[in-house]
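# Coordinate inspection notes
For reference, the chains in residue letters:
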Amino acid sequence: MTEPFPTDVVRFLDTHVESIDQLEILRVLGEEPARGWPVSALAAEVQAAPAAVAGHAAALRARGLLAPEGPEGAPVCRFAPATPELDALARKVLRLYRERPVSMIKYVYARAADPLRAFADAFRLRKEG
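Residues numbered from 1 in each chain as written. Predicted model: local features only at pLDDT ≥ 70, side-chain atom pairs only at ≥ 80, totals over all residues. Heavy atoms only, no water.

### With respect to the overall build of the protein
Basically, it comes down to this: Secondary structure follows DSSP: runs of H or I at least 4 residues long count as helices, runs of E at least 2 residues long count as strands, and numbering of each begins at the N terminus. Burial classes follow relative accessibility: with a 1.4 Å probe on protein chains only, a residue under 20% of its type's maximum area counts as buried, one over 50% as exposed, and anything between as partly exposed. Throughout, a contact is declared for two residues whenever any of their heavy atoms are within 4.5 Å. Using the Shrake-Rupley algorithm and a 1.4 Å probe, accessible areas are obtained, with residue cover drawn only from the displayed protein chains.
For the protein, the helix and strand inventory stands at seven helices and three strands. Traced from its N-terminal end to its C-terminal end, the protein shows the element sequence α-α-β-α-α-β-β-α-α-α. Evaluated residue by residue, the protein yields a buried proportion of 36% over its 129 residues. Of the contacts made within the protein by residues no fewer than 6 positions apart, 60% connect residues no fewer than 24 positions apart. Only carbon and sulfur atoms are counted for the fraction: they give 59% of the accessible area of the protein, which is about 7,500 Å².

### Some details on helix H5 (residues 84–99)
For clarity, the cut-off: By this rule, a helix spans an expected 1.5 Å times one less than how many residues it contains. Here the arc refers to the set of directions running from the helix axis out to each C-beta atom.
In this model, H5 (16 residues) spans 23 Å end to end at C-alpha, consistent with the 22 Å of a helix rising 1.5 Å per residue. When we look at burial in H5, the residues that qualify are Leu86, Ala90, Val93, Leu94, Leu96 and Tyr97. With its buried residues spanning 160° around the axis, H5 presents them on a single face. Seen from the open side of H5, the exposed residues pointing more than 90 degrees away from its buried face are Pro84, Glu85 and Arg98.

### Some thoughts on the side chain of His16
Relative to the elements of secondary structure, His16 occurs in helix H1 (residues 7–16). Beyond its immediate stretch of four places on either side in the chain, His16 contacts Gln22, Leu60, Arg63, Leu65 and Leu86.

### A look at the packing of aromatic side chains
For the record, the criterion: Two rings from Phe, Tyr or Trp (for Trp, the six-membered ring) form a pair when their centres sit within 6.5 Å of each other. Planes less than 30 degrees apart are called stacked, planes more than 60 degrees apart edge-to-face, and all others tilted. Charges are assigned to positions over rings by a cutoff of 6 Å between ring centre and Lys NZ or Arg CZ, combined with an angular limit of 35 degrees from the ring normal.
Tallying each qualifying case throughout the model produces zero aromatic pairs. The ring of Trp37 carries the charged tip of Arg35 above its face, separated from the ring centre by 3.6 Å.

### Re the pattern of salt bridges
Defined as follows: Every case where a carboxyl oxygen of Asp or Glu lies within 4 Å of a side-chain nitrogen of Lys or Arg is listed as a salt bridge.
In the structure shown here, the tally under the stated rule is seven salt bridges. Ionic pairing is found between Glu31 and Arg27, a salt bridge with its closest N-O pair at 2.9 Å. Linking Glu31 with Arg27, this pair stays in helix H2 (residues 20–31), spanning four residues, or about one helical turn. Assessed through its relative accessible area of 46%, Glu31 is described here as partly exposed. With a shortest N-O distance of 3.2 Å, Glu99 and Arg95 are connected by a salt bridge.

In structure tokens, the structure reads:
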């Protein structure tokens, strides 16, 4: 039986990652943190629609995980966690994703498929917002 993810990893996933697409975006950007990716190239790499990737990148940017670069008409995304602690934790999550991709994908899917969690998260966001 696979051991569960560490608490800090679960908390990171619960707080910062809403979908497999977002996890994949982080994976691609985290593999080459100095590289800036145009949304269209990032979309091709993660095999998702450019509009979806742009939305996911905006969400990850708002959570302090990505830094936008480039002209406003052609945004470029780069892995750039806002704090050293967030950077270390994001790298830990990505390392575990490389080591145990199926387990992490199952965890993210299970969270997304849990209607009670989705309802509670929506309420929490409204309350905080």
